Amino acid sequence: MTTDPLSPKPPTPAEERVARRVQRRWWVVSALGAIGVVLLLGVVITARAGSLGIDEEFMGELVEHRSPFWQAPALVFNVIGAGVIGVFVVPLGVAAVLLLRRRPWAALYWIASCALSAGVVQVIKHTFGRARPEEILVVSDYGSFPSGHTANAATLAVVLGVILRRAWVWIAGVVYTVAMLLSRTYLGAHWLTDTVGGLLIGAGVAVVLWAPVAHRLLAEQERVRGLGWAWQHRDERAAVTS
């Protein structure tokens, strides 16, 4: 009796344990894969001297249809997505609100995600040093790839979606991130692939950092449910609910 060499053999207990761990952590693997895709995209862009056909075509369409009507909101996104507001005011403001809502683990997760996302963006920017489009309408820092504004927006969307666990938060986060992506290309501050790279980094970092604190975030949310703001005392809450 012969055995088919191509027939699958039963998995060993060790292989089953590995498969279960991978299944439980598929989202971490996917997030790391997204960051890996960004690095690969940077290599491709560098190999092609910073020029990709899809970027040129997309930028050409945007420049052709520029108008004051669309430029005004794009400039607003330019201000709120980075600089003092995007790097300090928004992160610290959100962290303060979370602390006042008695969510220290959520605040730590938020600040860590913002800081790491910004750090990864700067490292990759200086690694590849891609030139920004000639059609740029705003003043920006060194390096076009990836987009820091889009990375910040994606980080915000994923982290707040994870913390608040509300469908409307996820929807608003997606809309905000896409709007930021379009505003960066509309202003000529980034190529399309720059914004895609920023989106993958922001979301990937947020998911990777979610892994070690996921259970703490859920436990914290249950612990503070119905407690209100930090300055509210138990007797005050009892009087309101009675």
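Nothing here was measured: the structure is a model prediction, and the numbers come from that model.

Residues Leu-98, Tyr-109, Trp-110, Val-159, Ile-163 and Leu-217 are the most contacted members of the largest nonpolar core, which totals 21 residues. Mapped by element, the contributors of at least two residues to this core are helix H2 (26-47), helix H5 (83-100), helix H6 (104-128), helix H7 (148-164) and helix H9 (192-210). Top contributing element to this core by residue count: H7, with six residues. Residues contacting Ile-163, with those up to four places away along its chain left out, are Leu-98, Arg-103, Ala-106, Tyr-109 and Gln-221. Core analysis: the second largest hydrophobic core is formed by ten residues, Val-38, Ile-45, Val-121 and Ala-151 among them.

Residue Pro-146 is reached from Phe-145 by a cis peptide bond, and omega for that bond is -5 degrees. Inspection of the secondary structure assignment puts Pro-146 in the loop between H6 and H7. One non-glycine residue, Arg-165, lies in the positive phi region at around 55 degrees. By the element assignment, Arg-165 lies in the loop between H7 and helix H8 (167-186).

Before going further, it helps to examine the confidence of the model for the chain. Per-residue confidence for the chain gives a mean pLDDT of 83; residues scoring 70 or more make up 86%. The spread of mean pLDDT over the elements of the chain runs between helix H11 (residues 234-241), the lowest at 49, and H8, the highest at 94. Low pLDDT, under 50, characterises residues 4-9; the stretch is placed with zero contacts to residues that sit more than four places away or in other chains. Across residues 238-242, where pLDDT falls below 50, the model places zero contacts with residues more than four positions away in sequence or in other chains.

Looking now at a nonpolar patch on the surface. A cluster of nonpolar side chains, contributed by Val-79, Val-84, Ile-85, Val-87, Phe-88, Val-89, Leu-92 and Ile-111, occupies part of the molecular surface with about 700 Å² of accessible area. With respect to the element layout, Ile-85 can be found in helix H5. For Ile-85, a relative accessible area of 33% translates into the label partly exposed.

Attention now goes to the packing of aromatic side chains. Here a ring pair, both rings aromatic, is described through the centre-centre distance and the interplanar angle of the planes. Enumeration according to the criterion identifies three aromatic pairs in this entry. With a centroid separation of 5.0 Å and an interplanar angle of 85 degrees, the aromatic rings of Phe-69 and Trp-70 are classed as edge-to-face. Taken as a pair, Phe-69 and Trp-70 share a single burial class, namely exposed. With a centroid separation of 5.9 Å and an interplanar angle of 35 degrees, the aromatic rings of Phe-77 and Tyr-176 are classed as tilted. Taken together, the residues Phe-77 in helix H4 (residues 68-80) and Tyr-176 in helix H8 connect sequence positions 99 residues apart. The class for Tyr-176 is partly exposed, based on a relative accessible area of 22%.

Calculation rules
Within each chain, residues carry numbers counting from 1 in the order of the written sequence. Reporting of local features is limited, given that this is a predicted model, to residues whose pLDDT is at least 70; pairs of side-chain atoms are given and counted only at 80 or more, and all residues count toward the totals for whole chains, interfaces and linings. Excluded from the side-chain calculations are hydrogens and water; all other atoms, namely the structure's heavy atoms, are used. Here, the term nonpolar core denotes a set of buried Ala, Val, Leu, Ile, Met, Phe, Trp, Tyr and Cys residues that are joined through side-chain atoms within 4.5 Å. Burial classes follow relative accessibility: with a 1.4 Å probe on protein chains only, a residue under 20% of its type's maximum area counts as buried, one over 50% as exposed, and anything between as partly exposed. Per the convention used, a helix needs a DSSP run of H or I reaching at least four residues, while a strand needs a run of E reaching at least two, with both numbered from the N terminus. Whether two residues are in contact is decided by their heavy atoms: any pair within 4.5 Å suffices. For every residue, the pLDDT score states the predictor's confidence, bounded by 0 at the bottom and 100 at the top. The patch calculation keeps residues exceeding 30% relative accessible area without a salt bridge and links them within 9 Å when they carry like charges or within 5 Å when they are nonpolar (Val, Leu, Ile, Met, Phe, Trp, Tyr). The protein chains shown are the only cover counted for residues, whose accessible areas, like all others here, come from Shrake-Rupley with a 1.4 Å probe. By salt bridge we mean one thing: a side-chain nitrogen of Lys or Arg within 4 Å of a carboxyl oxygen of Asp or Glu. Planes of paired rings set the category: under 30 degrees apart is stacked, over 60 is edge-to-face and the rest tilted, where pairs are Phe, Tyr or Trp rings (Trp by its six-membered ring) whose centres lie within 6.5 Å.

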